[in-house]
Amino acid sequence: MLKITLGVDGMMCGMCESHVNDAVRKAFPVKKVTSSHGKGQTVILTEQDLDEQAVRDAVNATGYTVMSFSKEPYEKKGLFSFLHK
């Protein structure tokens, strides 16, 4: 599982967050996507590796600008996650 964090410029409210989230969901098969206009970031959780340029294009097409892009491995942190180590 991968965690992709985008720095997104131009989000001003909850509706802006929804636009970005919907654009990502429409373009890619993701597990979860959340945005925060306060932090200016979007976090994508996905099973598959996503092409950076394709993600940038999908978000930029909505009128917002991707300022940064980072990937890191993601492990779900659940109540009993310590048992699976």
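Refer to the structure presented above.
Summarised in this report is the structure supplied together with it.

Reading the values: the criteria
- Residues numbered from 1 in each chain as written.
- Predicted model: local features only at pLDDT ≥ 70, side-chain atom pairs only at ≥ 80, totals over all residues.
- Heavy atoms only, no water.
- Disulfide = S-S within 2.5 Å.
- Helix = DSSP H or I, 4+ residues; strand = E, 2+ residues; numbered from the N terminus.
- Contact = heavy atoms within 4.5 Å.
- Pairing = 2+ DSSP bridges.
- Axes fitted to C-alpha atoms, helices over the stretch in contact; angles between N-to-C directions.
- Salt bridge = Lys/Arg side-chain N within 4 Å of Asp/Glu carboxyl O.
- Buried < 20%, exposed > 50% of the residue type's maximum accessible area, 1.4 Å probe, protein only.

### Overview of the state of the cysteines
Joining two cysteines, a disulfide is a covalent bond between their sulfur atoms. With the rule as written, the count across this model stands at zero disulfides. Free cysteine C13: the closest other cysteine sulfur is in C16, separated by 3.5 Å.

### Digging into the environment of F28
The residue F28 is located in the loop between α1 (14-27) and β2 (32-36) in this model. Separated by 17 residues in sequence, F28 and M11 place their C-alpha atoms 20 Å apart. When near neighbours in sequence (up to four residues on either side) are disregarded, F28 contacts L50, A54, V55 and A58.

### A short note on the sheet that holds strand β4 (residues 65-73)
Across the sheet, four strands lie side by side as β2-β3-β1-β4; this open sheet has antiparallel pairing. The open sheet is flanked by β2 and β4, the only strands paired with a single partner. Pairwise comparison of adjacent strand axes, ignoring direction, gives a mean angle of 15° for this sheet. Where strand β1 (residues 2-9) meets β4, eight bridges bridge the pair, whose relative direction is antiparallel. Paired with V8 across the bridge in β4 is V66. Where α1 meets the sheet, it contacts β1, β2 and β3 (41-46), and its direction lies at approximately 155° from that of β2. Packing of helix α2 (residues 52-60) onto the sheet brings it into contact with β1, β3 and β4, and relative to β4 it is tilted by some 140°.

### Overview of the pattern of salt bridges
Side chains that carry opposite charge are capable of pairing whenever their charged atoms lie near each other. The final tally for this structure, using the stated rule, is four salt bridges. Between E47 and K31 there is a salt bridge whose closest N-O contact spans 3.9 Å. Of this pair, E47 sits in the loop between β3 and α2 while K31 sits in the loop between α1 and β2; the two residues are 16 residues apart in sequence, bridging distant segments of the chain. Just as E47 is exposed, K31 falls in that class too.

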